[in-house]
Amino acid sequence: MDLLLNTVQPYDWGSTTALPRLMGTEPTGEPQAELWMGAHPSAPSRIDRGDGDGHADGGGHGCGPVPLDDVIAEDPATELGAATLRRFGPRLPFLLKLLAADAPLSVQVHPDLAQARAGFAREEALGVPLDAPHRTYRDDQHKPEMIVALTPFQGLCGFRVPGACADLLDALGVPALRPYADTLRAVPEAQALAEVFTAFLSPPAGLVDDVTDAVAAAAGRAGPYRADLAAYAGVARAHPGDPGLLAALMLRHVELAPGEALFLGAGIPHAYLSGLGVEIMASSDNVLRCGLTSKHVDTAELVKVVRFTAMPTRVLHPRAEGVEETYPAPVDDFRLSRFRPRAGGPSSRLPAGAPQILLCTEGEARLSSADATVCIGPGESVYVPAVAEVSVAGAGTLFRATVGLDAVAR
C-alpha cells in the first residue's frame, strides 16, 4: 500500500478553514475547496515506491513520487485486478474527494454514459480543444456521484413537484413570476418543468433583481418555506444578478446531518451550498452548468440531458455489513463504505481483488498488510492495489472507496 500525496483544488467557493481544521494544518488564507484522491489526469494523486515520504511498503526503488495514473498504466492487471480491468479498462474508475463548500457551487447536471459518449465524439469530430472554455464534454464517461456529510451539509437536489414549485413562486409576491406559476399548474409535469426551467435560464430583464429582493425579504418571515428561502437568499448574495437563482428556486433544498448521504444520478440538477463532506464519483469531468457560474452554459445540450421529473429527495444512511457500513449506490463505478474501529477492538480484513483508496477523517487508522503497518490520521489516505490484502484497526473513522463489482468488492 502507498500513502497518497494529494492535490488541493483552490476553487473560489471553497472554505478557507474546513480542510486545514480537519487535517491539522495552517490555513493559507486562500480557499481550499477539494482534496482529490485518485488517478484523474487533471490532478492525479502521487505515490512514492522509492525512498521518499510517500513510501509505505518497505521496498525502495529510488524512483520518487509518480502520478498514480502512470503507475496504473504501467501494470493495470496488478494494480486494478482482472475484474476491474475487464469491466472498465486500464483506468481507476472512481475519484474520491474531500469537499469543503463555503459558498454555493454552480447548479449542474451530468450526462448518462450514452450521452457522454455521443457528446464527446461530436466535439472531437468538430475539433473543439479539450481545454476550450466552450467545451461541454471533456471525456466519454458518465459522472454519477455521492456526497456523505461530515458536518451539517446543505444542497439543492432534484425538481420540486410543479404545484409545490408554483406555490413557492407565489409566496415571493413577484407579479412577473405569475405566468411561470400558471404554467407549472396547467400542463403535464415534464412539460411544465422543461418550459419553466428553460425560460428561467434566459429570463426577461429585471426579473432576477426582483426575485433577489423578494427572496431576501421572504427569508426573514415565518412560513413553510422559511428554511428554503434562507438558502436561496444565500445563493443570491453569493451570485448577484445570476439567472441561476431562478433555476435554484425549482430545486429541493436538502439538509444532511453528519453521516447522511445523497446519491446524484445522470440528469438530476443539483448544487452543493455549504458544508464538509466525502464525495465519490465516477472518474469524469463532464459537467453541464445551469447557472451560478461564470463558465460556459450550453442551454441546448443542457435541456437534452436534464431529467424533467420531480422525485422525492432520498437521504441515504449506511447499511451495516458487519463492522463495515456501506452507502448504497446503483452503479458499479464505485462503492463507498465506512469503518469506525474502536481502540482495542478486533481488526477488520479488507480482501484483495480490487483497487482501494482508504481515507481517514477522524482519529487514527492502523492499516496492516503482509509487509508493513502504516498509521494515518484525518485527511490522510492510502492507495491499495488489487493484489494487496489489508486489515484495519485503530480508533476513528475510515472511508473505503473501491469499485462496485460484487465479485471483487466484498
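Here the structure is a predicted model, which is why all the values come from computation and not from measurement. (Residues numbered from 1 in each chain as written. Predicted model: local features only at pLDDT ≥ 70, side-chain atom pairs only at ≥ 80, totals over all residues. Heavy atoms only, no water.)

A. Spotlight on the packing of aromatic side chains. Applying the stated criterion across every chain, the model contains six aromatic pairs. Pairing Phe153 with Tyr272 gives two aromatic rings, centres 5.4 Å apart and planes at 75°, and the pair type is edge-to-face. Taken together, the residues Phe153 in strand 9 (residues 153–159) and Tyr272 in strand 12 (residues 270–282) connect sequence positions 119 residues apart. By the burial criterion, Phe153 is buried, and Tyr272 matches it. Here Phe197 and Phe308 contribute two aromatic rings whose centre-to-centre distance is 6.0 Å and whose plane-to-plane angle is 65°, an arrangement assigned as edge-to-face. Taken as a pair, Phe197 in helix 8 (residues 189–201) and Phe308 in the loop between helix 12 (299–305) and strand 14 (319–321) lie far apart in primary sequence, 111 residues in all. A relative accessible area of 11% means that Phe308 is categorised as buried. (Phe/Tyr/Trp six-rings, centres within 6.5 Å; stacked < 30°, edge-to-face > 60°. Helix = DSSP H or I, 4+ residues; strand = E, 2+ residues; numbered from the N terminus. Buried < 20%, exposed > 50% of the residue type's maximum accessible area, 1.4 Å probe, protein only.)

B. Up close: the packing of helix 9 (residues 207–218) against helix 10 (residues 226–238). Following both chains from N to C, one finds helix 9 and helix 10 inclined at 135°, their axes separated by 8 Å at the closest point. By the angle class used here, helix 9 and helix 10 are oblique. Like other packed secondary-structure pairs, helix 9 and helix 10 cross with a definite hand, here left-handed. Here Thr212, Val215, Ala216 and Ala218 of helix 9 come into contact with helix 10, specifically with Leu229, Tyr232, Ala233 and Ala236. By residue class, the composition of the contact of helix 9 with helix 10 is seven nonpolar, one polar and no charged. (Axes fitted to C-alpha atoms, helices over the stretch in contact; angles between N-to-C directions. Parallel < 35°, antiparallel > 145°, perpendicular 65-115°, else oblique. Left-handed = near helix turned anticlockwise from the far one by under 90°. Contact = heavy atoms within 4.5 Å. Nonpolar A, V, L, I, M, F, W, Y, C, P; charged D, E, K, R; others polar.)

C. Seen up close, the packing of helix 7 (residues 178–186) against helix 8. Packing of helix 7 against helix 8 brings their axes to within 8 Å, and their N-to-C directions diverge by 160°. As judged from the angle between their axes, helix 7 and helix 8 are roughly antiparallel. Residues Tyr180, Thr183 and Leu184 of helix 7 form the contact with helix 8, whose participating residues are Ala192, Leu193, Glu195, Val196, Ala199 and Phe200. Considering only residue class, the contact of helix 7 with helix 8 consists of seven nonpolar, one polar and one charged.

D. View of helix 9. Under the 1.5 Å per step criterion, the end-to-end length of helix 9 is 16 Å for 12 residues, consistent within 8% with the ideal 16 Å. The complete set of buried residues in helix 9 reads Leu207, Val208, Val211, Ala214, Val215 and Ala218. Buried residues of helix 9, viewed axially, fall in a sector of 125°; they line one side. Among the exposed residues of helix 9, those oriented more than 90 degrees off its buried face are Asp213 and Ala216. Tucked inside the fold, the buried residues of helix 9 contact helix 7, helix 10 and helix 11 (244–249). (Expected span 1.5 Å × (residues − 1). Arc of directions from axis to C-beta.)

E. Spatial organisation of the nonpolar core. Counting 54 residues, the largest nonpolar core has Leu172 and Phe197 as the members making the most contacts within it. It is helix 8 that provides the largest number of residues to this core, a total of seven residues. Contact partners of Leu172, with chain neighbours within four places excluded, come to Leu177, Val211, Ala214, Val215, Ala218, Leu229 and Leu249. One finds Val71, Leu92, Leu336 and Ala354 within the second-largest nonpolar core, a separate group that totals 38 residues. (Core = buried A, V, L, I, M, F, W, Y, C linked by side-chain atoms within 4.5 Å.)

F. Representation of the side chain of Glu324. Mapped onto the secondary structure, Glu324 falls in strand 15 (residues 324–327). A polar atom in the side chain of Glu324 sits 3.3 Å from the side chain of Arg335. (Polar contact = N/O pair within 3.5 Å; in protein donor to acceptor, adjacent residues only side chain to side chain.)

G. Spotlight on the environment of Val297. Tracing the chain through its elements places Val297 in the loop between strand 13 (288–291) and helix 12. Sequence separation of Val297 and Leu201 is 96 residues, and the distance between their C-alpha atoms is 9.2 Å.

H. Inspection of the pairing of strand 8 (residues 145–149) at higher detail. For strand 8, the tally of buried residues reaches five of five residues, placing the bulk of the element in the interior. With burial as the criterion, each face of strand 8 is covered, one bearing Glu145, Ile147 and Ala149 and the other bearing Met146 and Val148. For strand 8 and strand 11 (residues 261–264), the ladder comprises four bridges, and the chain directions are antiparallel. Bridge assignment links Val148 to a residue of strand 11, and that residue is Ala261. For strand 8 and strand 12, the ladder comprises five bridges, and the chain directions are antiparallel. By the bridge assignment, Ala149 is partnered in strand 12 with Gly277. (Pairing = 2+ DSSP bridges.)

I. Molecular detail of the environment of Thr309. By the secondary structure assignment, Thr309 is in the loop between helix 12 and strand 14. Residue Thr309 is classed as partly exposed on the basis of its relative accessible area, which comes to 33%. Taking the C-alpha atoms as reference points, Thr309 and Phe339, 30 residues apart in sequence, are found 35 Å from one another. The residues touching Thr309, leaving out its near neighbours within four places in the chain, are Phe159, Glu189 and Leu193.

J. Representation of the layout of surface pockets. Estimates place the volume of the largest pocket at around 860 Å³. Taken together, 39 residues make up the lining of the largest pocket; nearest its centre are Trp13, Ser106, Gln108, Arg289 and Lys295. Every element with two or more residues in the lining of the largest pocket is listed here: strand 3 (34–37), strand 6 (94–101), strand 12 and strand 13. Taken together, the residues that form the lining of the largest pocket break down as 17 nonpolar, 10 polar and 12 charged. (1 Å grid on protein atoms, 1.4 Å probe; cavity = no way out; pocket = protein on both sides within 12 Å on 5 of 7 lines; lining within 4 Å. Points joined across faces, edges and corners; volume = space filled by probe spheres on them.)

K. Up close: the state of the cysteines. In total, this model carries zero disulfides according to the counting rule given. Cysteine Cys290 remains unbridged, with the sulfur of Cys157 as its closest cysteine sulfur at 13 Å. Cys290 sits in the buried class, given a relative accessible area of 4%. (Disulfide = S-S within 2.5 Å.)

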